[in-house]
Amino acid sequence: MPLTSSDADNVQKWSPIVISALALWSAISVHGAEPGTLRPVLQEHCFKCHNAEKQKGGIDLTTFTDEKSVLKKFKVWQRVVEAVSNGEMPPDREKFPAPAGVALVQDVKRILARLDSDDPLVIDPGPSLVRRLSRAEYNFAMRDLTGLDMDFSVQFGMPSDSTGSSFENVAAALNLPPALLEKYFGAADLALVRLFGEADPAWDSKPDWARKPNAAQLKLARSAFFAGLPEAADRAASAKFVGQFARRAWRRTLEVTEVERLMKLYDAALAKGAAPRVALRQTLKPVLVSPEFLFRIELDRTPAKPVAGGRMAAGPVSDLELAVRLSFFLWSSIPDEELLRLAEANQLSQPAVLTAQVKRLLADDRAKRFTSGFFMNWLAANKVNEARPSTEFFPVFNDALKRAMRAEVEAFCENLRTEDRPVLDLIASDYTFVNGDLAKLYGLTGVTAKDVQRVALLPEQHRGGVLGMGAILASTSHTHRTSPTQRGKWVLEVLFGNPPPPPPANAGMFKDEKRSKEPKDFRDKLAQHASDPVCASCHAKLDPLGFALDNYNAIGEWRATSADLDTHGKLPTGEQLAGADDLRKLLWARRDQFVRNVIAQLLTYALGRELDYFDQGQITRIRAAAASEGDKLSALVLGVVNSYPFRHRRIMDEPADPTRKTTAAN
Amino acid sequence: MNPNLNRRHFLRGAGALVALPFLESLGRVSAFAAAPVMRPPLRMGIFTVTGGTVLESWKCALAGPLGTLPSILRPLDFCKDDLLILTGLAQSGDSENVNGHEHCAFTHLTGAPKVKRLGGRASASVSVDQAAASAVGGDSLLPSLELGLAGHENVYSFRPDGTPVPYEDDPKLVFDRMFRGRQPVAPNWARRAGSQMQPATVSRDSYEQSVIDLVRENTTALNRRLGRADQQKLDEYLTSIRSVETRLQKLQARLKEEALDAAQPGPSKLIDLPLADYSFAKLRNSIHRDPEKHAQYISLMADVMILAFQTDSTRVCTFAAGSDEASFPGVVTVGYERHCHTLEHQGNAGRVEDADPISREACRQIHAWYTSLFAEMVRKMKTIDEGGSTLLDNSMLLYTSYMADGGHGREDYPVLLAGNAQGTLKTGRQVDFQKKTPAANLYVEMLDRMGVKVAEFGNSKTGRGAAYNGRLPGLV
């Protein structure tokens, strides 16, 4: 994808909403206006509408007190810079002297520039709260611990975690209601009964309720699980076994007294006449329902030094904590023996060791969970299961095709991981993965297999990267037509991390009276709908992106631009798009913002929390380090692992600061 | 004697066919108080559908005795005398950091003055079902049950601490939660009322109890080493452990009563759940696009609610029926759109005249379809004899939606009560309240009938349309 003009040039042309923080910073003028001039300007021209009560456009600028207040709401202030720069705000320009606008923009930019600095104000690892394992993490931890090939979350109907984000592992959202703890008790029972080979009438009497374990797999799991435990284990051998089991489950070595506390159950069972094996099983259960297994807990430590000015004291995480962060990031599960050993020997944090371990974890089969936990959720590719296009209008769009579409995205991302490809492949690639059905839909020849396989692509085949993938195109369509608005939203939200604000509550959808609309009518309808000024500012950004993608029908079949299909559009900043191929070129021109967004998403997933203002500088640092490695996936992952917030944690209680409780950046 | 043997004998006597892994042994016993029974208890059921409704086809033109029912409610014609239609109720709570659906969903059963997402977690004040559960839930096996395809945007139930309650989407797993290791038994209320209830006895030294004691000790020690914010998380764990423990004790106490009821059954005939061949995992995707499978799912969950009430497994149950993301080919016979969410938006506008009439008719068809499934449930409850009164008589069923209309409207919700709540509701009528009366006023009334006396609930006294001193006069 050749592009001659530099990124900086394109920034000026591109829709303001996708201007990332970096673009702003790179253009920052260091000559801010006199300090202290900001407030009077805001007061005179902005506060009338953007105050706590009116909050026009959802924006309250009266929260401005000092520079930190600007940093905390940096996204709002980035919008201020955009809106004032392009003349959108304030609405009555004649009363707004040009120099006031220049001064305001420069002042805010100067403050925002600190996000990228080493200013103590922006060095903070952020909160690292105790968190319950997400549904997926619990499932994988149980599998790794027991060796059983079972889906505990499905078997026990563990609720999917509603986090309001793409990812399931947002720490603050993971609560533990009683019903869930009951399920953990049940799952612990079932796993142990299976491993110990005892009959469980409650389960076995209902063969259709719980999937029967595969006998061969069960045998393997048992032999691995009980390896090292003598057939006629005495109490000492049993205690050792319990200690080892708990060490893996709790990710730390237990004190002798802790093992003995568990062994009380063993003794009690024997005293009641239970067989030693039954006693051992009973001793293991509390390990699986303890908070030390169900939660990720990093124990508090006294601050290393006194803390001034309400700043958070921070310190490096221990090697053991690092091992846990690492394994949950890349495996969605507990560390394996090698990681645990390195951590216990305090070697994991050595740079060479850590790099080698990151690469080992990424290459391991268990990192498939990273593909499903990170990529599939970020790209919203699983949504193809519920895609709206119906077989009534698209007879080929059946379950098998949906599965193939999902498999394409998964195989593509797995390929990024296993081949360590640049993440830019996601927006431009000369290959993809299709099976026979999907190849037919895409107009590719030579593939008939049921499983997806890699195929080389030519530019005239109009595929490559996620934009050409059926899973994305179909899940952003309606029952019988495409949705340019939703596709545009997907591009902004997923690829650039800049979701438009939700439509106003009273936004209607246009009437739908005709079976197949001429594209022109459709356009007119949408244009008419979007002419309402409340709607226009967002639709102007979204719709041209989506119309360019109208070269793909509702289920992703290519159709050429023609008299009946108008795929042209003009972005608010002036760029003309003639269709999907132009949009690809634009994405490539915007690749820097794209990679920054991939890093932001990775960091969110790795830290299990929404990013805050103090994380913005980290993105820049990771970006710089990864660029020298060609933006390969492993370079991005290593950047995240080596980042300040991944390697550090706050080491004191949070001060009583109510503003902390909410997401500072919105 | 081996305690396991004891237990097997005991369970056989109770009519149970399978063992109880959840109760490893019945050891030393201690007293566990159970409330004396005079008559069947009052149950509170909420059957709430997605997508608002089409109000002109939902409520009657005039308040007073019910004549011909509007088309959406017509499937309920057979039990007209058991219905109480309420109009004018609204939500006015504010929201922060949530979309239109979440705003409606989080306020729906809470009447919260403000709802939000905090660090990704849905947050609102306590919901009516959970408020009822925390007051009356102690008398049944489970304080409450939450069923259906809720979650993500559609979070309806919130605990008193403001955290969301997950919903069970798999009917088999709900069955298992209620009856794992036992057979369902319907209480013989007449026998229970006549017999001198012995204080039930529970074991304090069972294996499960030792496990609970051990992890609790472990957690308390851990908690001392954590910061304040982290302690809150583990406190939540301790609360949940306590609830598992309570359930364990109640189950022990219950087995004895169930054995007696099984030996001397009452008139209540257990509803038959066709669960044997049902696989939710296999069907979950097709529910959304195949109305036949969707209807089967709703019926099955409604049956689960009936069975839960009938066996006194719980007295508070909420069922989130339907899905905005579902498609309704066959149910919708007009126009070309079948996708519920799309139809909701097209079929609604600031003024009804501006909405697309075809889409609005489609929404009407979908809601009549929902009502036919609710009506099926009411019909079954009306046939269950609990000894002189029906299960419906001993219930207060709320049929409603989390939005007032498909355009995220929050004024004039569809609200219908079925069952006379043991004579505390005068049914067979429509009662009109003034516009914007907080829906929370209704929740105060419902809680009142469940024996929970609250001065206010949610925004019952502070909502924008606050009226009637936070109550709904004239329901009885």
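The structure we're discussing is the one just above.
I will try to describe carefully the structure that is included in this document. (Residues numbered from 1 in each chain as written. Chains lettered and ligands numbered in written order. Predicted model: local features only at pLDDT ≥ 70, side-chain atom pairs only at ≥ 80, totals over all residues. Heavy atoms only, no water.)

## Some points on the overall build of chain B
Within chain B, the regular secondary structure consists of 12 helices and 13 strands. Taking all 476 residues of chain B together, 64% fall into the buried category. Partitioning the contacts of chain B with sequence separation of at least 6, the portion at a separation of at least 24 is 74%. With the model as given, the accessible surface of chain B reaches about 16900 Å², and the carbon-plus-sulfur share is 52%. (Helix = DSSP H or I, 4+ residues; strand = E, 2+ residues; numbered from the N terminus. Buried < 20%, exposed > 50% of the residue type's maximum accessible area, 1.4 Å probe, protein only. Contact = heavy atoms within 4.5 Å. Areas by Shrake-Rupley, 256 points an atom, 1.4 Å probe, with all protein chains shown as cover.)

## Concerning the side chain of Asp 356 of chain B
All names here are of chain B. By secondary structure assignment, the location of Asp 356 is in the loop between helix H10 (340-346) and helix H11 (357-383). The buried category is assigned to Asp 356, whose relative accessible area is 1%. At 2.5 Å, the side chain of Asp 356 and the side chain of Ser 359 are in polar contact. (Polar contact = N/O pair within 3.5 Å; in protein donor to acceptor, adjacent residues only side chain to side chain.)

## Observations concerning the sheet that holds strand E4 (residues 83-90) of chain B
Residue and element names in this part refer to chain B. Overall, mixed pairing links the 8 strands, which are arranged E3-E13-E4-E12-E11-E2-E10-E8 in an open sheet. Two strands in the sheet have a free side with no partner beyond their single neighbour: strand E3 (64-65) and strand E8 (145-148). Inspection of the sheet shows strand E2 (residues 43-49) paired to strand E11 (residues 395-401) by 7 bridges, in the parallel sense. The residue bridging Arg 43 from the neighbouring strand is Ser 395, located in E11. (Pairing = 2+ DSSP bridges.)

## Things to note about the environment of Glu 168 of chain B
Examined against the element boundaries, Glu 168 of chain B turns out to sit in the loop between E8 and helix H4 (171-179). Contact partners of Glu 168 of chain B, with chain neighbours within four places excluded, come to Gly 157 and Lys 183 of chain A together with Glu 146, Leu 147, Gly 148, Leu 173, Val 174, Arg 177 and Met 301 of chain B. At 2.8 Å, the side chain of Glu 168 of chain B forms a polar contact with the side chain of Lys 183 of chain A.

## Regarding the sheet that holds strand E5 (residues 94-96) of chain B
Residues and elements named next belong to chain B. The mixed open sheet is built from 3 strands, whose spatial order is E5-E6-E7. The sheet is open, and its two edges are formed by E5 and strand E7 (121-123), each paired on a single side. On average, adjacent strands in this sheet sit at an angle of 15° to one another, irrespective of strand direction. With 3 bridges connecting them, E5 and strand E6 (residues 114-118) associate as parallel partners. Considered in E6, the bridge of Ser 95 is made with Val 115. (Axes fitted to C-alpha atoms, helices over the stretch in contact; angles between N-to-C directions.)

## Points about unusual backbone geometry
We note that Ser 332 of chain A has phi near 50°; this positive angle belongs to a residue other than glycine. Position of Ser 332 of chain A among the secondary structure elements: in the loop between helix H16 (319-331) and helix H17 (337-344). Look at Ser 332 of chain A and you get buried, because its relative accessible area is 5%. For Asp 412 of chain B, which is not a glycine, the phi torsion comes out positive at approximately 60°. With respect to the element layout, Asp 412 of chain B can be found in the loop between E11 and strand E12 (415-418).

## With respect to the packing of aromatic side chains
On inspection of all chains with the given rule, the structure shows 42 aromatic pairs over all chains. On the basis of an interplanar angle of 15° and a centroid distance of 6.0 Å, the ring pair of Phe 226 of chain A and Phe 241 of chain A is categorised as stacked. In this pair, Phe 226 of chain A sits in the loop between helix H11 (215-225) and helix H12 (235-250) while Phe 241 of chain A sits in helix H12, placing the two residues 15 residues apart along the sequence. We note that Phe 226 of chain A, like Phe 241 of chain A, is buried. One aromatic cluster is present, built from ring pairs that chain together Phe 167, Phe 329, Phe 370, Phe 374, Phe 375, Trp 378, Phe 594, Tyr 605 and Phe 646 of chain A. For the cation-ring pair, Arg 366 of chain A lies above Trp 331 of chain A, with the distance from its terminal atom to the ring centre recorded as 3.9 Å. One Lys or Arg, Arg 192 of chain B, reaches over the ring of Trp 189 of chain B and ends 5.5 Å from the middle of that ring. (Phe/Tyr/Trp six-rings, centres within 6.5 Å; stacked < 30°, edge-to-face > 60°. Lys NZ or Arg CZ within 6 Å of the ring centre and 35° of its normal.)

## Brief notes about the environment of Leu 545 of chain A
Following the sequence through the fold, Leu 545 of chain A ends up in helix H25 (residues 533-548). On a C-alpha basis, the gap between Leu 545 of chain A and Gly 569 of chain A in space is 7.4 Å, while along the polypeptide they are 24 residues apart.

## Details of the packing of helix H5 (residues 74-85) of chain A against helix H6 (residues 98-112) of chain A
All names here are of chain A. For the pair H5 and H6, interaxial distance at closest approach is 10 Å and the crossing angle is 150°. It follows from the interaxial angle that H5 and H6 lie roughly antiparallel. Crossing geometry of H5 relative to H6 is assigned as left-handed. Each of Phe 74, Trp 77, Gln 78, Val 80, Val 81, Val 84 and Ser 85 in H5 lies in contact with H6, whose residues at this interface are Gly 101, Leu 104, Val 105, Val 108, Lys 109 and Leu 112. Taken together, the residues that form the contact of H5 with H6 break down as 9 nonpolar, 3 polar and 1 charged. (Parallel < 35°, antiparallel > 145°, perpendicular 65-115°, else oblique. Left-handed = near helix turned anticlockwise from the far one by under 90°. Nonpolar A, V, L, I, M, F, W, Y, C, P; charged D, E, K, R; others polar.)

## Description of the pairing of E4 of chain B
All names here are of chain B. Within E4, 8 of the 8 residues are buried, leaving the element largely enclosed by the surrounding structure. Examined bridge by bridge, E4 and E12 share 4 bridges and lie antiparallel to one another. Counted as the bridge partner of Leu 86 is Val 415 from E12. Here 6 bridges tie E4 to strand E13 (residues 429-438), and the two strands are oriented parallel to one another. Within the sheet, the bridge partner assigned to Leu 89 lies in E13 and is Thr 437.

## Some words on the environment of Ala 474 of chain A
All names here are of chain A. By secondary structure assignment, the location of Ala 474 is in helix H22 (residues 470-475). A residue is classified by how much of its surface remains accessible, and Ala 474, at 0% relative accessible area, is buried. Linking Ala 474 and Lys 383, residues 91 residues apart in sequence, is a C-alpha distance of 9.1 Å. Non-local contacts of Ala 474, meaning those with residues more than four positions away in its chain, are made with Ala 387, Arg 388, Pro 389, Phe 397, Met 405, Ala 554 and Ile 555.

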